[in-house]
Amino acid sequence: MAQYDVIVIGAGPGGYVAAIRCAQLGLKTACVEGRETLGGTCLNVGCIPSKALLHATHQLHEAEHNFAKMGLKGKSPSVDWPQMQAYKTDVIDGNTKGIEFLFKKNKIDWLKGWGSIPAAGKVKVGDEVHEAKNIIVATGSEVATLPGVEIDEETVVSSTGALSLKKIPKKMIVIGAGVIGLEMGSVYSRLGAEVTVIEYLDTITPTMDGEVQKTFQRILKKQGLNFILGAAVQGVEAMKTKAKVTYKLKKDDSEHTADADVVLVATGRKPYTDGLGLEALGVELTDRGFVKTDGHWKTSVDGIYAIGDAIEGPMLAHKAEDEGMAAAEVIAGKAGHVNYGVIPSVIYTSPEVSSVGKTEEELKKEGVDYKVGKFSFMGNGRAKANFAADGFVKLLADKKTDRILGAHIIGPMAGDLIHEVCVAMEFGASAEDLALTCHAHPTYSEAVREAALACGDGPIHS
Ligand code: FAD
C-alpha cells in the first residue's frame with residue numbers, strides 16, 4: 001500500500017494544477033484519473049476542443065468575408081470536416097500529453113482508474129487502497145439535461161457530442177443561450193448550418209451586463225443565428241436522423257415545434273461526485289449536490305478538501321486552477337487565497353465577450369454610486385483596419401473614489417484585454433491609474449485606456 005501526503009481525485013484543471021503545486025511544495029503526491037487521458041473536461045471535451053473549432057471556423061469566416069476586401073482574391077477555402085476533426089484531436093492530444101509530461105517532471109504518480117474514499121485518509125482505486133494524509137476532491141461536473149430530454153449524442157447531443165458530430169448539420173437547434181450554446185452555435189453557423197437558439201429567459205447570457213447582452217445578440221443575429229427567447233422547452237423527440245423540439249412561448253403560453261438534424265442541449269452542468277462515497281463519510285453536500293467547503297476548500301471531514309466544478313462558484317477552468325493552487329498551499333501550511341471578486345469570464349465567439357467584477361445591474365441593486373466610461377472599437381485604429389470595430393469597452397468605477405468596480409468588453413481579443421483590468425482591480429487601482437498608463441499604438445488595448453479616460457475628463461478618439 002502506497003502512502004502519500006496528498007491524493008487528488010480527478011485530473012482536470014483543478015486537480016492537475018493542485019497536484020503539480022503540491023509536488024512543487026515538497027508533498028508526495030498522486031492523482032487519480034479514470035479517463036484515458038489527463039486534463040479533465042477542459043482539455044478533452046471542453047475549453048480546448050471548442051476553441052480549436054472556433055479558431056478553425058473563425059479563419060473560414062475571415063476568408064469568406066474579409067480576405068477579398070484586403071486584396072486577397074481567389075476561391076475561399078472549402079471545409080474538410082474529417083480534417084478539421086483531426087486537427088481538433090491533435091490539439092487535444094498535444095495538451096493532454098503535456099500534462100502527462102508535467103506529472104512525470106514533478107514526480108506525481110498517476111493512479112489510473114476511478115477512485116473512491118472508503119474512509120478518511122484512504123483512497124481506493126481498483127483493488128488497491130492507498131493512504132493519504134490529505135485528499136482533494138476535484139471530480140468536476142457533468143452535463144445537466146432537461147427533464148424528459150434524452151441525449152443520444154447523435155441527434156440529440158450534449159456539448160461532448162457537438163464537438164464530434166459525424167457531419168455538419170444543415171439545421172441545428174441549440175437549447176440554452178449560455179456560453180457553451182453560443183460558442184457551439186457559432187461554430188456550426190460559420191460552417192453553414194441554419195442555427196436557432198431557444199432560451200427560457202428573455203435575454204441571452206443572463207449574467208452578463210445588459211448592454212453587452214443586447215449588442216452581442218444583435219451581432220450574432222447579423223451573423224445568421226436565430227433566437228427564440230422566453231421559450232420553455234417542453235420536450236425533444238428524437239427520430240432517426242432528425243429531432244423535433246416542442247416549446248411554449250412564455251408571453252402567451254402558445255405551443256410551437258421546430259425541427260432540426262441535430263439538437264444541442266446546452267442548459268448547464270452539474271457537479272459530479274458519483275461513486276466517491278462522500279455521503280457515507282459524512283462529507284456535506286449542498287441542495288444542488290455541490291461539495292460544501294469552508295473558505296479554505298476544507299470539507300466537513302478533516303483531511304478532505306474539494307475544488308473546481310465540484311464546489312460552488314462559476315464553473316470555469318481558471319477558477320478551478322486557482323482553487324487547486326490555493327488548496328495545495330493551505331495543505332502545505334501556507335496562506336492559499338483566491339480573490340472571487342476578480343475572476344474573469346470570456347465567451348470565445350467573434351467578437352469575443354469578456355467581463356470581470358460587477359455589472360451595472362448589480363451595482364444598481366447594491367445601491368453603489370458608480371460612473372461609466374465607455375469606448376467604441378469604432379474609434380480604435382487597429383480594430384478598424386482589421387474589420388473588427390463592432391463592440392465596445394465599458395468600465396465601471398466608484399463615483400467618489402474612482403476605484404474600478406468592473407469591466408465589460410465586447411470586441412476583438414476581449415478575452416485577453418480583460419486581464420489588464422483584472423490586474424488593475426487586484427491592485428485596487430482607480431480608472432485614472434489605467435488612463436495614465438501609456439498604451440502602445442496601434443493596439444486594441446488602447447480602447448481599454450480610452451474607456452478609463454471616459455471615466456474622467458473624456459476619451460480622445462470619440
Ligand atoms: P473537470 O475538468 O471536469 O475534471 C474532473 C476530472 O475528474 C475528469 O477528468 C473526470 O474523469 C475525473 N473524475 C471524476 N470522478 C472521478 C473518480 N471517482 N475517480 C477518478 N477520476 C474521476 N471553462 C473555461 O474557463 N473556459 C472555457 O473556454 C470553457 N469552455 C468549455 C467548453 C465546454 C464545451 C465545456 C463542457 C466546458 C467548458 N469550460 C470552460 C468549463 C471547464 O471545462 C470546467 O470549468 C473545468 O474543466 C472544471 O475543472 P475541474 O478540474 O473542476 O473538473
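Every value quoted in this text rests on a predicted model; they were computed, and no experiment measured them.

K.L.:
Any details on the nonpolar core? Residues and values, ideally.
P.N.:
Within the largest apolar cluster, 133 residues are counted, with the highest numbers of intra-cluster contacts made by I136, V137, V263 and L264. With residues up to four places along the chain from it excluded, the contact list for V137 reads I9, T273, L276, V291, I304, Y305, A306 and A310.

K.L.:
For the site of the ligand, give the residues involved together with the corresponding values.
P.N.:
Near the ligand there are 37 residues, and of these G10, G12, G40, G140 and G308 occur at the shortest range. Looking at the shell around the ligand, the elements with two or more residues in it are α1 (13–24), β2 (29–33), α2 (40–45), α3 (47–65) and α9 (317–331). Classifying every residue of the shell around the ligand gives 17 nonpolar, 17 polar and three charged.

K.L.:
Give me the lowdown on unusual backbone geometry, citing residues and values where you can.
P.N.:
The omega torsion of the bond from S350 to P351 falls at 0°, within 30 degrees of zero and hence cis. Across the junction of H441 and P442, the peptide omega takes the value -5°, indicating a cis bond. Looking at the element boundaries, P442 is found in the loop between α13 (431–435) and α14 (446–454). Here K107, not a glycine, exhibits a phi torsion of approximately 55°, which is positive. Position of K107 relative to the elements: it lies in the loop between α4 (81–105) and β3 (109–112). Even without glycine at this site, M413 takes up a positive phi of about 55°. Mapped onto the fold, M413 is located in the loop between β22 (404–411) and α12 (414–426).

K.L.:
Pulling in residues and values, what's your account of the UniProt feature "binding site: NAD(+)" (unreviewed entry) in the protein chain?
P.N.:
The feature "binding site: NAD(+)" (unreviewed entry), as given by UniProt, occupies G176, A177, G178, V179, I180, G181, L182, E183, E199 and G268 in the numbering adopted here. Along the chain, G176 falls in the loop between β9 (171–175) and α6 (179–190). The contact partners of G176, leaving out residues within four places of it in the chain, are G181, E199, A266 and T267. Exposure remark for L182: the 27 C-beta atoms within 10 Å place this residue in the buried category.

K.L.:
I'd love a proper account of the sheet that holds strand β13 (residues 243–249), names of residues and values included.
P.N.:
Sheet strands pair by backbone hydrogen bonding; their relative direction is either parallel or antiparallel. Strand order in the open sheet formed by three strands is β12-β13-β14, with antiparallel pairing between adjacent strands. Strands at the two margins of the open sheet, each flanked by one partner only, are β12 (231–238) and β14 (255–260). In this sheet, adjacent strand axes meet at a mean angle of 25° when their direction is disregarded. Across seven bridges, β12 lies against β13 in antiparallel orientation.

K.L.:
Tell me about the pairing of strand β1 (residues 3–9), and name the residues and values.
P.N.:
For β1, a buried count of five out of seven residues is recorded, marking the element as mostly surrounded by other parts of the structure. Both β1 and strand β6 (residues 128–137) contribute to a ladder of six bridges, which runs parallel. Across the sheet, residue I7 finds its bridge partner in β6, namely I135. Both β1 and β2 contribute to a ladder of four bridges, which runs parallel.

The rules behind the values
Residues numbered from 1 in each chain as written. Predicted model: local features only at pLDDT ≥ 70, side-chain atom pairs only at ≥ 80, totals over all residues. Core = buried A, V, L, I, M, F, W, Y, C linked by C-beta atoms within 7 Å. Buried ≥ 20, exposed ≤ 12 C-beta atoms within 10 Å, placed from the backbone. Contact = placed C-beta atoms within 7 Å. Near = placed C-beta within 6 Å. Helix = DSSP H or I, 4+ residues; strand = E, 2+ residues; numbered from the N terminus. Nonpolar A, V, L, I, M, F, W, Y, C, P; charged D, E, K, R; others polar. UniProt positions renumbered as here; feature names shortened; annotations may be inferred. Pairing = 2+ DSSP bridges. Axes fitted to C-alpha atoms, helices over the stretch in contact; angles between N-to-C directions.

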